[in-house]
Amino acid sequence: MMERQRSVIPQLEHFAHENLIWLLLGSYATAAVVPAFGLWVRDVSFWEMNLFHSRTQVSVPMLLLALLLLNAGMNIRLVAVHEWLRNGLALTSGLAGNFFIPLLYVLAVSQVLRVWHNPDEVQNILLGLALVAAMPIAGSSTAWSQNANGER
């Protein structure tokens, strides 16, 4: 019995690794068809804690995000991290790209929208773009990166 349990977990891990993108897309489709479960899970919290002088609830989405980031971190090859640190050009260009490309995009859109008839709408659009550009898009980027062998 114990031997069977040991072989099931690696099989599940291999299945999830090989089909992660399809599992992610399936979860999106399920959420579109049956959103009530996701809305319920969003409000479930396990415990409260004091963090930086404010009460924080540890919720299911918070734990899922932590698990996703842990999984992404565990899939990074240490040799690749050493190569990135040794090759400063790749690391610097990646960090600069993550900072400057969204900034340049927002600036370009602001120039295009100068002719827009309603300046208030332009400000709202630019604020929305700036907020989206500032987001740490961890929700599914690790799954897409893993599917594309992004660490190599």
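Structural data are supplied above this passage.
Computed from a predicted structure; not experimentally measured.

Asker: Would you mind showing me how to read the overall build of the protein chain here?
Answerer: Of the regular secondary structure elements, the protein chain holds eight helices and two strands. Starting at the N terminus, the α and β elements of the protein chain follow one another as α-α-α-β-β-α-α-α-α-α. Residue burial in the protein chain is summarised as follows: out of 152 residues, 13% are buried. Partitioning the intrachain contacts of the protein chain with sequence separation of at least 6 by distance along the chain shows that 43% fall at a separation of at least 24. Accessible area for the protein chain stands at about 12500 Å²; split by element, carbon and sulfur atoms hold 69% of it.

Asker: How should the side chain of Ser 59 be read in this particular structure?
Answerer: Residue position: Ser 59 is located in strand 2 (residues 54-59). Residue Ser 59 is classed as buried on the basis of its relative accessible area of 15%. For Ser 59, the contacting residues outside a window of four places in its chain are Val 44, Ser 45 and Phe 46.

Asker: Please explain the pattern of salt bridges as it appears in this structure.
Answerer: For side chains bearing opposite charge, pairing can occur when the charged atoms are close. Evaluated as defined, the whole model comprises two salt bridges. Of the charged contacts in the structure, one is a salt bridge between Arg 42 and Asp 43, with a shortest N-O distance of 3.8 Å. Given the relative accessible area of 58%, Asp 43 is considered exposed. The salt bridge partner of Glu 48 is Arg 55, with a shortest N-O separation of 2.8 Å. Relative accessible area serves as the criterion here: at 42%, Glu 48 is assigned to the partly exposed category. Given a relative accessible area of 56%, Arg 55 falls into the exposed group.

Asker: Where do I start with the pairing of strand 1 (residues 45-51) in this structure?
Answerer: For a regular strand, side chains alternate in direction, first toward one face of the sheet and then toward the other. Two strands pair when backbone bridges link them, and strand 1 and strand 2 are joined in this way by six bridges, in the antiparallel orientation. Of the residues in strand 2, the one forming a bridge with Leu 51 is Ser 54.

Asker: Just to check I follow, could you spell out the packing of aromatic side chains for this structure?
Answerer: What describes a pair of aromatic rings is the distance from one ring centre to the other and the angle between the planes of the rings. Across all of its chains, the model carries three aromatic pairs by this definition. With a centroid separation of 5.9 Å and 35° between ring planes, the pair formed by Phe 37 and Trp 40 is classed as tilted. Here Phe 37 and its partner Trp 40 are both found in helix 3 (residues 35-42), three residues apart, which amounts to about one turn of the helix. Assigned by exposure class, Phe 37 and Trp 40 land together as exposed. Centre to centre, the rings of Phe 46 and Trp 47 are 6.4 Å apart; their planes meet at 45°, and the pair counts as tilted. A residue is classified by how much of its surface remains accessible, and Phe 46, at 49% relative accessible area, is partly exposed. Relative accessible area serves as the criterion here: at 47%, Trp 47 is assigned to the partly exposed category.

Asker: Before we go on, may I ask you to explain the packing of helix 6 (residues 88-112) against helix 7 (residues 119-134) in this structure?
Answerer: Pairs of packed helices are described in terms of their axes, by the angle between the two and the distance that separates them. In contact at an axis separation of 10 Å, helix 6 and helix 7 are set at 170° when each is read in the N-to-C sense. Comparing the axis directions of helix 6 and helix 7 gives the class roughly antiparallel. Together, Pro 102, Tyr 105, Val 106, Val 109 and Ser 110 of helix 6 and Leu 126, Leu 129, Ala 130 and Ala 133 of helix 7 make up the contact between the two elements. Tallied by class, residues from the contact of helix 6 with helix 7 come to eight nonpolar, one polar and no charged.

Analysis parameters
- Residues numbered from 1 in each chain as written.
- Predicted model: local features only at pLDDT ≥ 70, side-chain atom pairs only at ≥ 80, totals over all residues.
- Heavy atoms only, no water.
- Helix = DSSP H or I, 4+ residues; strand = E, 2+ residues; numbered from the N terminus.
- Buried < 20%, exposed > 50% of the residue type's maximum accessible area, 1.4 Å probe, protein only.
- Contact = heavy atoms within 4.5 Å.
- Areas by Shrake-Rupley, 256 points an atom, 1.4 Å probe, with all protein chains shown as cover.
- Salt bridge = Lys/Arg side-chain N within 4 Å of Asp/Glu carboxyl O.
- Pairing = 2+ DSSP bridges.
- Phe/Tyr/Trp six-rings, centres within 6.5 Å; stacked < 30°, edge-to-face > 60°.
- Axes fitted to C-alpha atoms, helices over the stretch in contact; angles between N-to-C directions.
- Parallel < 35°, antiparallel > 145°, perpendicular 65-115°, else oblique.
- Nonpolar A, V, L, I, M, F, W, Y, C, P; charged D, E, K, R; others polar.

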